[in-house]
Amino acid sequence: MGVCTSSTAQCLPRQSPIDIQTRRAKYDSSLKPLFIQYDPNTSKRIINVGHCFNVEFDDSSDRSVLSEGPLTSHYRLRQFHFHWGTSDRDGSEHVIDGQTYPAELHIVHWNSQRYSSFEEATKHSDGLAVIGVLLKIGEPNPVLQNIIDNLDKVKTKERTYWTYLGSLTTSPYSECVTWVLLQEAITISSEQLQHFRGLQNEDEEFILENHRPLQPIEKRLVKSSCK
Ligand SMILES: COCCCN1C=C(N)c2cc(S(N)(=O)=O)sc2S1(=O)=O
Ligand SMILES: [Zn+2]
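On a predicted model such as this, the values are computed, not experimentally measured, just so you know. (Residues numbered from 1 in each chain as written. Chains lettered and ligands numbered in written order. Predicted model: local features only at pLDDT ≥ 70, side-chain atom pairs only at ≥ 80, totals over all residues. Heavy atoms only, no water.)

Q: Before we move on, could you go through the site of ligand 1 and cite the residues and values that matter?
A: Taken together, 15 residues sit near ligand 1, with Gln-79, Phe-118, Thr-169, Thr-170 and Ser-171 positioned nearest. One nitrogen or oxygen atom from the side chain of His-106 is found 3.4 Å from a nitrogen atom belonging to ligand 1. Burial of ligand 1 by the protein amounts to 79% of the accessible area it has alone, namely 500 Å². Elements with a contribution of two residues or more to the shell around ligand 1: strand S7 (75-84) and strand S9 (103-111). No other element matches the 3 residues that S7 contributes to the shell around ligand 1. (Near = heavy atom within 4 Å. Polar contact = N/O pair within 3.5 Å; in protein donor to acceptor, adjacent residues only side chain to side chain. Areas by Shrake-Rupley, 256 points an atom, 1.4 Å probe, with all protein chains shown as cover. Helix = DSSP H or I, 4+ residues; strand = E, 2+ residues; numbered from the N terminus.)

Q: Account for the coordination of the zinc ion (ligand 2), with residues named and values stated.
A: Ideal coordination angles are 109.5 degrees for a metal with four donors arranged tetrahedrally and 90 or 180 degrees for a metal with six donors arranged octahedrally. Within the protein, the atoms that donate to the zinc ion (ligand 2) are His-81 (NE2), His-83 (NE2) and His-106 (ND1), at distances of 2.0 Å. Around the zinc ion (ligand 2), the 4 donor atoms sit at angles spanning 99 to 115°, and that spread fits a shape best called tetrahedral. Summarised as a motif, the one-chain spacing of the donors to the zinc ion (ligand 2) is H-x1-H-x22-H. Taking the relative accessible area as the measure of exposure, His-81 reaches 10% and is therefore buried. A relative accessible area of 1% means that His-83 is categorised as buried. (Donors = N, O, S within 2.8 Å, 3.2 Å for Na, K, Ca; no water. Tetrahedral: all angles 85-135°; square planar, octahedral: opposite > 155°, others 65-115°. Buried < 20%, exposed > 50% of the residue type's maximum accessible area, 1.4 Å probe, protein only.)

Q: Give a description of the pairing of strand S10 (residues 128-137) that names residues and reports values.
A: Among the 10 residues in S10, 8 count as buried, and that is most of the element. Pairing of S9 with S10 involves 8 bridges; the strand directions are antiparallel. In the sheet register, His-106 faces S10, and the bridge partner there is Gly-132. Two strands pair when backbone bridges link them, and S10 and strand S12 (residues 177-182) are joined in this way by 5 bridges, in the parallel orientation. When the bridges of S12 are listed, Val-130 appears paired with Trp-179. (Pairing = 2+ DSSP bridges.)

Q: A description of the pattern of salt bridges should follow, citing residues and the corresponding values.
A: Summed over all chains, the structure comprises 11 salt bridges. For the salt bridge of Arg-78 with Asp-59, the shortest nitrogen-to-oxygen distance reads 2.9 Å. One end of the pair, Arg-78, is in strand S7; the other, Asp-59, is in the loop between strand S5 (53-57) and strand S6 (65-68), with 19 residues separating them in the sequence. On the basis of relative accessibility, which here comes to 24%, the residue Arg-78 falls in the partly exposed class. (Salt bridge = Lys/Arg side-chain N within 4 Å of Asp/Glu carboxyl O.)

Q: How would you summarise a negative patch on the surface if you had to cite specific residues and measurements?
A: On the surface, Glu-202, Asp-203, Glu-204 and Glu-205 cluster together to form a negatively charged patch. Looking at the secondary structure, you find Glu-204 in the loop between helix H4 (190-197) and strand S14 (223-224). (Patch = residues over 30% accessible without salt bridge, like charges linked within 9 Å, V, L, I, M, F, W, Y side chains within 5 Å. Lys, Arg positive; Asp, Glu negative; His and termini not counted. Charge placed at Lys NZ, Arg CZ, Asp CG, Glu CD.)

Q: Break down the environment of Pro-102 for me, citing the residues and quoting the values.
A: When you line up the elements, Pro-102 lands in the loop between strand S8 (95-96) and S9. For the pair formed by Pro-102 and Val-49, sequence separation is 53 residues and the distance between their alpha carbons is 21 Å. Apart from the residues within four sequence positions on either side, Pro-102 is in contact with His-83, Trp-84, Gly-85, Asp-88, Asp-90, Gly-91, Ser-92, Leu-135, Lys-136, Ile-137 and Leu-193. (Contact = heavy atoms within 4.5 Å.)

Q: Kindly report on the packing of aromatic side chains, identifying the contributing residues and their values.
A: Under the defined criterion, the tally for this structure stands at 7 aromatic pairs. Ring geometry for Phe-53 versus Phe-82: centroids 5.7 Å apart, planes at 35°, classification tilted. Residue Phe-53 is located in strand S5, and its partner Phe-82 is located in strand S7; the two are separated by 29 residues in the primary sequence. For the pair Phe-53 and Phe-82, one class covers both residues: buried. Consider the rings of Phe-82 and Phe-196, whose centres lie 4.9 Å apart with planes at 40°: the pair is tilted. Here Phe-196 lies in helix H4 and Phe-82 lies in strand S7, a separation of 114 residues in the sequence. A relative accessible area of 10% means that Phe-196 is categorised as buried. (Phe/Tyr/Trp six-rings, centres within 6.5 Å; stacked < 30°, edge-to-face > 60°.)

Q: Tell me about the side chain of Asp-59, residues and numbers included.
A: Take Asp-59: its relative accessible area is 13%, and that puts it in the buried class. A distance of 2.8 Å separates polar atoms of two side chains, one belonging to Asp-59 and the other to Trp-110. Beyond its immediate chain neighbours, meaning those up to four positions away, Asp-59 contacts Arg-76, Leu-77, Arg-78, Trp-110 and Phe-118.

In short, geometric facts, not functional conclusions.
This is the structure in structure tokens:
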């Protein structure tokens, strides 16, 4: 099942991010709860990739995995990163009923049940699964402060979510992602968020924003795990 890299006749584009119009989301009773099992000891390093920073994980074995939910395979944790804006008014990539959030966390996993490597998985339409978590301004979030050791706590008790088929939101925009967007936002303080804007790219310019504009939903259906 290859990736449609362009809007060829047999497949409409499935680009991300999108505006989740909650009243159009369809409840799917077959959607199971997410199974998230993270071993914080698999965290490897934080790396500035120019447009954001990635916290990378040892993905040489299935020690940190995501399964169930809308997924039919188990997916291995690869990295997580954030998207933000020049102010607290916007910065998230996904938007909910037209409402932007100040930032968004992406937890990236690849289908280690079907593919032999992350690179191979990105070439297939079911290759990646990314959990999107919206961030809203509120109390300083101790978990975000040392998220590496507490990734496990990012899991909210009631993990209701929206899911749809989409793409990477940064180049090469491969259409290989099953998006799982949690319906409960977590908090971050404005001061914590300001630290993100202090990151610099390879030209030593501040990374003031790194969120992609909304993409057309086309004929896609967004499913909800709850009514
Ligand atoms: C073909 O190989 C591409 C390598 C894949 N990656 C590159 C991205 N641009 C990217 C974007 C991601 S996002 N913002 O959609 O979660 S995750 C991710 S990534 O997994 O780190
Ligand atoms: Zn991302």
